[in-house]
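# Report on the structure
Listed below are the residues making up each chain.
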Amino acid sequence: TLAQAAPLDLSFPKDFVFGCATAAYQIEGAVAEDGRGRSNWDVFAHTPGKIANGDTGDVACDSYHRYPQDIALLRDLGVGAYRFSIAWPRIFPDGRGKPNAKGVAYYDRLVDALLAAGITPHATMFHWDYPAALPGGWQNRDTAYALADYAGYMAGELSDRVKHIMTVNELRCFTDLSHKEGLHAPGLKLPPAGVNQVRHHGVLAHGLAVQAIRAQAKPGTQVGIADNMIAFTPVMETPEHIAAAQKATRIENAMFLTAVMEGRYLDEYLAQEGAAAPKVKDGDMAIIASPLDFVSLNVYTPEWVRADDGPKGYKVVPHVASSPRMASPWLVVGPEAAYWTVRNVSEMWKPKALYISENGASADDTLAGDRVDDADRVMYLRGYLSQFRRAAVEGYPLKGYFLWSLMDNFEWADGYSKRFGIHYVDFASQRRVPKLSARWYREVIRRNRIV
Ligand code: GBH
C-alpha cells in the first residue's frame, strides 16, 4: 500500500468572510422609477453602437423589484456578506441639491432585508453610474465635491447598519477606460492632459469622500476603496523577481492606488507625463491620502514581471499564447495574481485590513434543463481562492472575499453577452438558476475550506 502523506490543509482562517458582489447599474433596472435621474450609463447605453447587441441596463436583473429573491439566493449560499453599490442618480437625480427620499428608501429596504437574513452589507458609493446632469462629468473638478457630498449623505443614512463602505470602484475604469479608450461611459478619447486631469479628479473624489463619510457616519464605520490596480506577479518566487513585481506595482499604478497610499505622484509618473501632468491644488495630495480602514482589491488578470537590468529594474513578460483564458478576451487565467496582489500591497503599504472586493470569471454557460455545468468557472475560482487562502494563512491581513458575481448581469460594453454569475439569469423570464459553481461555493463556505 502507498504511504499516506499528511492531508493538505485547505482550510481558511476561522473568521474569513465569504461574500458575493454586484453593482447597481448592472442588476437593478427600474431606471425611470421612484424619481431616479438619468445616468451617464443610460445615455451611453442608448447611444447606438456602444454596447454589444444594443443592450441596455433598463431592466437588467430587475433587482430593484426582485431583491428579496436575490437575498434568498445569498442565504442559500450561506454567505456572510454582500457587496452592492448605490446608484448615485437615485439619491441625487440632478447630481446635487435635495436628496430623493424614495431612492434612499430602496437602500434602506435592501439593507434591512440583508440584516434580517444574517448577511453583512458592504456598500460601494460609486460603481461608475453618476447623474448625467453633472456638468462635464469627471472632467470637471466640481464632480469630486459632488461625489463627496452624496457619499457623506448616504453614509449618514445607512451607517447605523452598514459598517463597511467603499468610496469608488476601480479608478482605472471610470477614468481611462471611459475617457482615454472611450469604451465605457461617457465614451471619450481625451488627449493625455485631459486624461491625467480626470484621473486626478477621480483620486481626489475618493479622498474627499473618505473625509465626508467619516464626518457623517456613525462611529465604528470602516471606510475603504475598491481598486483594480494592475496585478503584477513575479515570474518566479525569488527576491529579485519579487522586488521587480513590487516596483512595477508602485510605478504602473502611480496615478491611482500609489497616490492614494503614498499621498504623492511619483517622479517617474510626473516625468513621463511632462506638460500633460495633472494640475494639482495645494492640499489635494493630503486629501487623496486620507487614512483608510481597509483596502479592497478586484483581482482578475495577472501581469507577469521579471527583474531587468534596464533603468526601470523590471520588465513585463507578455501573456503566452497558450495561457488559458475565460470567455472575456481580457480574462487571462493566472491564480498566482491573487496571492501576489495581496502580498505586494501588504508589504509595500501595510494596510490595516484587506478585502477582495471582486474575483470571478465569464464562461460560455448553457442552461440544460435546470442545470448549468460551469466546470470551467469552478476551475477558475478554485485556483484563485487557493492563492487567496495562501495569503490569508501566511498572515497577510486579508479578511474576506467577494465573488463576482452573484448572478449574470449587464456586463457594461459587453451587454448581456458575457455571463459572470454563479446563478444563471434567463433575461426573458428573470428566472435565476444556481450553476454548478454556486453549489461549489456553498460547499466552500459550509466547510470553510477549498473543495
Ligand atoms: C470589474 O472590472 C467591474 O468592477 C465589474 O463591474 C465587472 O462586471 C467585472 O469586473 C467583470 O468585468 O474591453 O478589452 O479593453 C474588471 C476590470 C477592466 C475588465 C477593463 C474589463 C476591459 C478590457 N475590467 N476591461 S477591454
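Residues numbered from 1 in each chain as written. Predicted model: local features only at pLDDT ≥ 70, side-chain atom pairs only at ≥ 80, totals over all residues. Heavy atoms only, no water.

A word on the packing of aromatic side chains. This model, assessed by the stated rule, comprises 39 aromatic pairs. Judged by centre distance (6.0 Å) and plane angle (25 degrees), the ring pair of Tyr82 and Phe84 falls under stacked. The exposure class assigned to Tyr82 is buried, which follows from its relative accessible area of 4%. With a centroid separation of 6.5 Å and 50 degrees between ring planes, the pair formed by Tyr355 and Phe402 is classed as tilted. Taken together, the residues Tyr355 in strand E10 (residues 354-358) and Phe402 in strand E11 (residues 398-404) connect sequence positions 47 residues apart. Aromatic rings pair up to connect Tyr25, Trp41, Phe44, Trp128, Phe410, Trp412, Tyr416 and Phe427 into one cluster. Positioned over the ring face of Tyr339 is Arg390, at 3.7 Å from the centre of the ring. Positioned above the aromatic ring of Tyr424 is the side chain of Arg419, whose terminal nitrogen or guanidinium carbon lies 4.0 Å from the ring centre. (Phe/Tyr/Trp six-rings, centres within 6.5 Å; stacked < 30°, edge-to-face > 60°. Buried < 20%, exposed > 50% of the residue type's maximum accessible area, 1.4 Å probe, protein only. Helix = DSSP H or I, 4+ residues; strand = E, 2+ residues; numbered from the N terminus. Lys NZ or Arg CZ within 6 Å of the ring centre and 35° of its normal.)

Attention now moves to the pattern of salt bridges. Considering all chains together, one arrives at 28 salt bridges under this definition. One salt bridge connects Asp108 with Arg161, and the closest N-O pair in it is separated by 2.8 Å. Of this pair, Asp108 sits in helix H5 (residues 101-116) while Arg161 sits in the loop between helix H6 (142-158) and strand E4 (164-169), and the two are 53 residues apart along the sequence. Overall, Arg161 belongs to the buried group, its relative accessible area being 19%. A salt bridge links Lys352 to Asp293; its shortest N-O distance comes to 3.7 Å. Of this pair, Lys352 sits in the loop between helix H13 (336-349) and E10 while Asp293 sits in the loop between helix H12 (284-288) and strand E7 (294-298); the two residues are 59 residues apart in sequence, bridging distant segments of the chain. With relative accessibility at 60%, the residue Lys352 sits in the exposed group. The exposure class assigned to Asp293 is buried, which follows from its relative accessible area of 15%. (Salt bridge = Lys/Arg side-chain N within 4 Å of Asp/Glu carboxyl O.)

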